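Residue-level structure breakdown
These are the residues of each chain, in order.
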Amino acid sequence: MARKIRKGDTVQVISGKDKGKTGEVITVIPKEDKVIVRGVNVVKRHQRPNAQMRQGGIIEKESPIYVSKVALVCPNCGKATRVGFRFLEDGSKVRYCKKCGEVIDK
């Protein structure tokens, strides 16, 4: 199934406490309809020392955010936009920007 938001996309938060922030999608969680965006929805967690992290303490990490709260930033026009799908002449399905009409997938 084709997703409108994919890993590596640049997105802008359109609602919530981080409204207006932009960042890159690190992880997509399709079963929960959530994404993890770099630098957005940062929370503090208490971490116990373990093999990977010698020293424990309070660490900051990104928490998942609902995909409906983010909008894709078009790489062509640079604006937050909705995403549409269309088929090219060779039969491949691609995403396109609803504002400028340019194809997002190359």
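Look up: the structure comes first, before these words.
In this text, all values refer to a predicted model and were calculated from it rather than measured experimentally.

Counted under the stated rule, the structure contains five salt bridges. Between K21 and D18 there is a salt bridge, with its nearest N and O atoms 3.2 Å apart.

What follows concerns the nonpolar core. Counting 14 residues, the largest nonpolar core has I5, V11, V35, V37, I65, V70 and L72 as its most contacted members. Elements that contribute at least two residues to this core include exactly strand 1 (10–13), strand 3 (34–37) and strand 7 (70–73). Dropping the residues within four chain positions of it, I65 is found in contact with V13, D33, K34, V35, V37, V40, N41 and V70.

Before going further, it helps to examine the sheet that holds strand 6 (residues 65–66). Strand order in the open sheet made by the six strands is 6-3-2-1-7-8, with antiparallel pairing throughout. Taken across any chain shown, the strands that pair with only one partner, and hence form the sheet edges, are strand 6 and strand 8 (80–81). The pairing of strand 1 with strand 7 spans three bridges and is antiparallel. The partner of Q12 across the bridge, within strand 7, is A71.

Below, the discussion takes up the packing of aromatic side chains. Counted by the stated rule, this structure contains zero aromatic pairs. Residue placement shows K34 over the ring face of Y66; its charged tip is 4.8 Å from the ring centre. One Lys or Arg, K93, reaches over the ring of F85 and ends 4.8 Å from the middle of that ring.

Criteria and thresholds
Residues numbered from 1 in each chain as written. Predicted model: local features only at pLDDT ≥ 70, side-chain atom pairs only at ≥ 80, totals over all residues. Heavy atoms only, no water. Salt bridge = Lys/Arg side-chain N within 4 Å of Asp/Glu carboxyl O. Core = buried A, V, L, I, M, F, W, Y, C linked by side-chain atoms within 4.5 Å. Buried < 20%, exposed > 50% of the residue type's maximum accessible area, 1.4 Å probe, protein only. Helix = DSSP H or I, 4+ residues; strand = E, 2+ residues; numbered from the N terminus. Contact = heavy atoms within 4.5 Å. Pairing = 2+ DSSP bridges. Phe/Tyr/Trp six-rings, centres within 6.5 Å; stacked < 30°, edge-to-face > 60°. Lys NZ or Arg CZ within 6 Å of the ring centre and 35° of its normal.

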